[in-house]
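As a plain string of letters, each chain reads:
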Amino acid sequence: MSEPFSVRVTVRGYETDVQGHLNQAVYLNYAEHARWSLLQEAGISQTGLLARGVGPVALETTIRYRRELLAGDEVEVSCAFTWSGGKVFTIEQTITRADGTVAAEITAVGGLLDLERRKLVPDPRGVFRELAKDPGLFGL
């Protein structure tokens, strides 16, 4: 597994539900934001992926809610890739409040879709290694 990359996010009031908690769907947005931030930090752009004819796809996502998040809370959203050697990879993410309390744990299984063939590429690790200026962010 790679060393976790992380981004800071502040919970905004409009992202909360009627109980004042962060809405469940927003956890997915935070996770997605961290993943795209990691790609950008590694030197991989959306246009670069499209030029290569591939796009990341989510195949499965599990969220474990641990503690509530409220408007104004500062959180770190981490992102670490684990490679199995096949067509898919796992991304482990943690949303942690500034005081160190884990608010949520997210596990996602993903792949890279060949946009022409509409099938997963056989070696997503190789594609990320090829496209990244800093493959170490992916644990490569």
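Residues numbered from 1 in each chain as written. Predicted model: local features only at pLDDT ≥ 70, side-chain atom pairs only at ≥ 80, totals over all residues. Heavy atoms only, no water.

If you check an unreviewed UniProt entry, the chain appears there as Acyl-CoA thioesterase from Streptomyces prasinosporus.

A. Just the overall build of the chain, in detail. Across its full length, the chain carries three helices and six strands. Counting only C-alpha atoms, the chain reaches 45 × 25 × 25 Å along its principal axes. The contacts of the chain with a sequence gap of at least 6 include a subset with a gap of at least 24, amounting to 66%. Charged side chains in the chain number 15 positive and 18 negative. The centres of these two groups are separated by 7 Å. (Helix = DSSP H or I, 4+ residues; strand = E, 2+ residues; numbered from the N terminus. Contact = heavy atoms within 4.5 Å. Lys, Arg positive; Asp, Glu negative; His and termini not counted. Charge placed at Lys NZ, Arg CZ, Asp CG, Glu CD.)

B. Focus on the confidence of the model for the chain. The predicted model of the chain averages 95 in pLDDT, with 98% of residues at 70 or higher. Within the chain, the element-level pLDDT minimum falls on helix α2 (residues 46-52), averaging 94, and the maximum on strand β6 (residues 119-120), averaging 98. (pLDDT = per-residue confidence, 0-100.)

C. Structural context of the environment of A51. If you trace the backbone, A51 turns up in helix α2. Residue A51 is classed as exposed on the basis of its relative accessible area of 72%. In the structure, A51 is positioned 57 residues away from A108 in sequence and 25 Å away in space, judged by C-alpha atoms. (Buried < 20%, exposed > 50% of the residue type's maximum accessible area, 1.4 Å probe, protein only.)

D. A look at the packing of aromatic side chains. Within the structure shown, the criterion is met by nine aromatic pairs. Ring centres 5.8 Å apart and planes at 80° place the aromatic pair F89 and F128 in the edge-to-face group. Note that F89 is positioned in strand β4 (residues 88-97) and F128 in helix α3 (residues 124-131), a separation of 39 residues in sequence. Neither residue differs from the other here; F89 and F128 are each classed as buried. Put simply, the rings of F81, W83, F89, F128 and F138 pair up and form one aromatic cluster. (Phe/Tyr/Trp six-rings, centres within 6.5 Å; stacked < 30°, edge-to-face > 60°.)

E. Highlighting the nonpolar core. Residues Y30, L69, V77, F81, I95, F128 and F138 are the most contacted members of the largest nonpolar core, which totals 36 residues. Among the elements that make up this core, the one with the highest residue count is helix α1 (residues 24-42) (eight residues). (Core = buried A, V, L, I, M, F, W, Y, C linked by side-chain atoms within 4.5 Å.)

F. Geometry of the side chain of D114. Relative to the elements of secondary structure, D114 occurs in strand β5 (residues 102-114). The charged side chain of D114 is buried without a salt bridge, its nearest counter-charge being R117 at 4.4 Å. Aside from chain neighbours lying at most four places away, what touches D114 is G53, K119 and V121. (Salt bridge = Lys/Arg side-chain N within 4 Å of Asp/Glu carboxyl O.)

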